[in-house]
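# Structural overview
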Amino acid sequence: MTETARTGTEVEQEVANRRTFAIISHPDAGKTTLTENLLLKGGAIRLAGQVKARGDNRRARSDWMKIEQDRGISVTSAVMTFEYKGIICNLLDTPGHEDFSEDTYRTLTAADSAIMVIDAAKGIEAQTLKLFEVCRLRDVPIITFINKIDREGVHPFELMDEIASKLALDTAPMIWPAGMGGLLRGVFDAEHDRFVPYEKPGAEKNGPGSEPESLPGARAADFMSGDELTAFREEMELAREGSPAFDVEQYHAGHMTPIYFGSALRKLGVRELLDAVVRFAPPPRAQPAASRIVEPTEPKVSGFVFKVQANMDANHRDRIAFMRICSGKFRRGMRLKLSGSGKTIGVHNPILFFAQDRELLDDAFAGDIIGIPNHGTIRVGDTLTESEDLIFTGIPNFAPEILRRVRLDDPMKAKHMRRALESLAEEGVTQVFKPEIGANWIVGVVGQLQLEVLASRIASEYDIKVHFEAAPYETARWVSADDPGDLKRFMEAHRGNMATDRDGAPVFMGKSAWELGYTLEKWPNVHFSATRERAPATA
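Everything quoted here is computed from the prediction, not taken from an experiment.

### Regarding the layout of surface pockets
Of the voids in this model, the second largest pocket is the one considered here, and its volume is about 340 Å³. Contributing to the lining of the second largest pocket are 17 residues, with Ala 172, Pro 173, Met 174, Ala 190 and Arg 240 lying nearest its centre. In terms of residues, the lining of the second largest pocket owes the most to one element, helix α7 (residues 226–242), which gives three residues. Of the residues contributing to the lining of the second largest pocket, the split by class is 13 nonpolar, one polar and three charged.

### What to know about the packing of aromatic side chains
Under the counting rule described, the total for this entry stands at 14 aromatic pairs. An angle of 70 degrees between the planes, with centres 5.3 Å apart, marks the rings of Trp 176 and Phe 261 as edge-to-face. Residue Trp 176 is found in strand β7 (residues 175–178), and its partner Phe 261 is found in strand β11 (residues 256–261); the two are separated by 85 residues along the sequence. Take Trp 176: its relative accessible area is 2%, and that puts it in the buried class.

### Things to note about the pattern of salt bridges
Enumeration according to the criterion identifies 25 salt bridges in this entry. Across the salt bridge formed by Asp 119 and Lys 148, the nearest N and O atoms sit 3.6 Å from each other. Taken together, the residues Asp 119 in strand β4 (residues 113–119) and Lys 148 in the loop between β5 (142–147) and α6 (156–167) connect sequence positions 29 residues apart. On the basis of relative accessibility, which here comes to 5%, the residue Asp 119 falls in the buried class. Where Arg 240 meets Glu 237, a salt bridge forms, and the shortest distance between an N and an O atom there is 2.8 Å. Highlighted residues: Arg 240 and Glu 237, both in helix α7, separated by three residues, approximately one helical turn. One network of salt bridges, with partners in common, ties together Arg 379, Asp 501, Asp 503 and Arg 532.

### Considerations on the confidence of the model for the protein chain
Caution is warranted with low-pLDDT regions, since their predicted coordinates should not be read in detail. Per-residue confidence for the protein chain averages 84 on the pLDDT scale, and 86% of its residues sit at or above 70. Overall, residues 46–65 carries pLDDT values under 50, and its contacts beyond four positions in sequence, including any with other chains, amount to 57 contacts. In the predicted structure, residues 71–77 sits below a pLDDT of 50 and forms 41 contacts with residues beyond four places in sequence or in another chain.

### Concerning the sheet that holds strand β25 (residues 402–408)
Spatially, the eight strands line up as an open sheet ordered β28-β25-β27-β26-β30-β31-β29-β32, and their pairing is antiparallel. Both edges of this open sheet fall to β28 (466–470) and β32 (526–529), since each of them pairs with a single strand only. Neighbour-to-neighbour, the strand axes of the sheet open up by a mean angle of 40 degrees, direction not taken into account. Pairing of β25 with strand β27 (residues 442–445) involves four bridges; the strand directions are antiparallel. Note that in β27 the partner of Leu 403 across the bridge is Gly 444. With respect to the sheet, helix α10 (residues 414–427) is in contact with β25, β26 (431–435), β27 and β28, its orientation differing from that of β25 by roughly 150 degrees. Against the sheet, helix α11 (residues 448–462) contacts β25, β27 and β28, and its axis sits at roughly 150 degrees relative to β28.

### Some thoughts on the packing of helix α2 (residues 31–41) against helix α9 (residues 270–280)
To characterise two packed helices, one gives the angle between the axes of the helices and the distance between these axes. Remark: α2 packs on α9, axes separated minimally by 10 Å, with the N-to-C direction vectors making an angle of 75 degrees. Relative to α9, α2 is oriented roughly perpendicular. In this structure, α2 contributes Leu 34, Asn 37, Leu 38 and Lys 41 to the contact, and α9 contributes Val 270, Arg 271, Leu 273 and Leu 274.

### Digging into the sheet that holds strand β9 (residues 194–197)
Read from one edge of the open sheet, four strands run β7-β8-β9-β10, paired in antiparallel fashion. The sheet terminates laterally at β7 and β10 (215–216), the two strands that pair on one side only. Strand direction decides the pairing type here: β7 and strand β8 (residues 186–189), joined by four bridges, are antiparallel. The residue bridging Ile 175 from the neighbouring strand is Asp 189, located in β8.

About the thresholds
- Residues numbered from 1 in each chain as written.
- Predicted model: local features only at pLDDT ≥ 70, side-chain atom pairs only at ≥ 80, totals over all residues.
- Heavy atoms only, no water.
- 1 Å grid on protein atoms, 1.4 Å probe; cavity = no way out; pocket = protein on both sides within 12 Å on 5 of 7 lines; lining within 4 Å.
- Points joined across faces, edges and corners; volume = space filled by probe spheres on them.
- Helix = DSSP H or I, 4+ residues; strand = E, 2+ residues; numbered from the N terminus.
- Nonpolar A, V, L, I, M, F, W, Y, C, P; charged D, E, K, R; others polar.
- Phe/Tyr/Trp six-rings, centres within 6.5 Å; stacked < 30°, edge-to-face > 60°.
- Buried < 20%, exposed > 50% of the residue type's maximum accessible area, 1.4 Å probe, protein only.
- Salt bridge = Lys/Arg side-chain N within 4 Å of Asp/Glu carboxyl O.
- pLDDT = per-residue confidence, 0-100.
- Contact = heavy atoms within 4.5 Å.
- Pairing = 2+ DSSP bridges.
- Axes fitted to C-alpha atoms, helices over the stretch in contact; angles between N-to-C directions.
- Parallel < 35°, antiparallel > 145°, perpendicular 65-115°, else oblique.

Spelled out as structure tokens, the structure:
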């Protein structure tokens, strides 16, 4: 067998053994707690840091930024790799907060499937619906985890009806709860005839925080009264008869979602959920590039950068590009070609992640997420390849909904502030615009919390105090034209409204929605866009 054939076989085997999935939810549905316990189950950590616990325990392992730890929310996308039952799992923990939907959207471009976490008491909430629509646009298959069944909540049948009606998905219950809230007795896995009893806090059989054991199905009767057992069996029968049988092809096509009930905090149903990811979730899928579709089993290495994170370690002014490998076998020390500039860079210290913990890796395959340390040469949206000129598509910028002028407390630090803003813009934390007229930078964000994170990070990582004040603009659109002359005339006529983004692309800043609408009518040959494909770095 030739070396190429050997590599090809190895790539195929490694790709089949990978699952790259994201977790999506509305804030406070229990996503971070579930992430912690999936990692605990996968052996990646020894102690899950509960978000609501006190003191140091509150510092959840996947939330490393100071503002995340203080508030108990996720505002960056963490990447964590672990092995479970011989399968390499790459878990992407996305921000639940709606102000960070852009970061979440970009992260979902790197995922092959998703776990949707729903609070049993609240059902489908606004942000869950938004994120689901993103998954649907990308045909990302979804497994549903209905969380917090140890609290009073909506009846399981009503929750399944809501998923079916609001998301237009067939629902296939895989494990069913025996009671809910104060009457919760456990969950039943009909396929394997197993019952997992619910253990109240302080009454865990194997000690505090331990996972409840899976018992033979007949043991369910030991944990319920006669009436409870009868009602449970009737409900299970109704659920089985009223729902379609699980079909893995329908799930992969995005038409069906398998449903798992549980409590992430009590570790109930977490094992069964992770088993489902390993058994049913698709291995790495083909990825769209501008010129063709790239298959994961191709021998040549290719990948795209969906995130850049600066200053993950406060002791080092580091910048890490998160690259999703799309094909081939990556080896440490490889030289890869950067789209746009055509530069070749050596990747000598590729990193495998667990939140803020990291280690050097020797090789990686399609589906893996690797970190590439760099000094600003790699940006979000860049494609890296072994040789071919490829550009992966589908990683856009979105027009900001809030525009603010940046004011510096100490004018002597203007250069440092510029560097800080450009660095954070490269991460996608904010967008930065430089008006044609005036010296003040303008930042654009999706929500108010992004401004707080921006000020917090500039203060803690760059030691610069800034504050934000109302900008004279309300909305921003990228402008282009088929005829360069039309664009030039438009820009000259609206110098007071024009700015450039970090790539130098022209942006029209409207003082109101009315002004934007009026300008659109007056200039039919100019295109106004609310999204822009993130430009690869140029030489």
